[in-house]
Amino acid sequence: MSKKYTQAELKNALDLIEQGYSFSEVSEETQLNKSILAREMRKRKNLKAKNHIEEYRKSLAKENDKTFDEYRKHNDWQHNKR
């Protein structure tokens with residue numbers, strides 16, 4: 001089964017939906033099936049969520065490293081104080 005639309009057309013349609021247009025409006029304008037739009041919109045949202053989670057994990061890891069370094073410096077200072 002071959003696609004009857006280009007990636008550029010699909011991207012444009014999904015951008016319109018994100019801007020607030022309804023699936024019906026975009027489907028009429030672009031001649032893309034609403035089920036295709038819905039499927040691709042779910043994929044896009046899932047990808048964005050996955051990227052957001054990954055960024056959040058990285059920021060947590062960085063913060064944990066920073067906190068651990070501060071804890072270690074404090075303990076080294078306490079140990080050398082004795």
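Residues numbered from 1 in each chain as written. Predicted model: local features only at pLDDT ≥ 70, side-chain atom pairs only at ≥ 80, totals over all residues. Heavy atoms only, no water.

## Looking at unusual backbone geometry
The backbone phi angle of Q31 is positive, close to 65°, even though this residue is not glycine. On the secondary structure map, Q31 appears in the loop between α2 (23–30) and α3 (34–81). The class of Q31 is exposed, set by a relative accessible area of 66%. (Helix = DSSP H or I, 4+ residues; strand = E, 2+ residues; numbered from the N terminus. Buried < 20%, exposed > 50% of the residue type's maximum accessible area, 1.4 Å probe, protein only.)

## Here we look at the nonpolar core
Grouped together as the largest cluster of nonpolar side chains are 10 residues: Y5, L10, A13, L14, L16, I17, V26, L32, L37 and M41. Breaking this core down by element, the ones donating at least two residues are α1 (7–18) and α3. Here the element with the most residues in this core is α1; it accounts for five residues. In contact with L14, other than residues within four places in its own chain, are L37, E40, M41 and R44. (Core = buried A, V, L, I, M, F, W, Y, C linked by side-chain atoms within 4.5 Å. Contact = heavy atoms within 4.5 Å.)

## A closer look at the pattern of salt bridges
Counted by the stated rule, this structure contains seven salt bridges. Residues E40 and R39 are paired through a salt bridge, measuring 3.2 Å at the closest nitrogen-oxygen approach. Judged by its relative accessible area of 14%, E40 is buried. For R72, the salt bridge identified is with D69, shortest N-O distance 3.4 Å. Within this pair, R72 and its partner D69 are both found in helix α3, separated by three residues, close to a single helical turn. The class for R72 is partly exposed, based on a relative accessible area of 40%. (Salt bridge = Lys/Arg side-chain N within 4 Å of Asp/Glu carboxyl O.)

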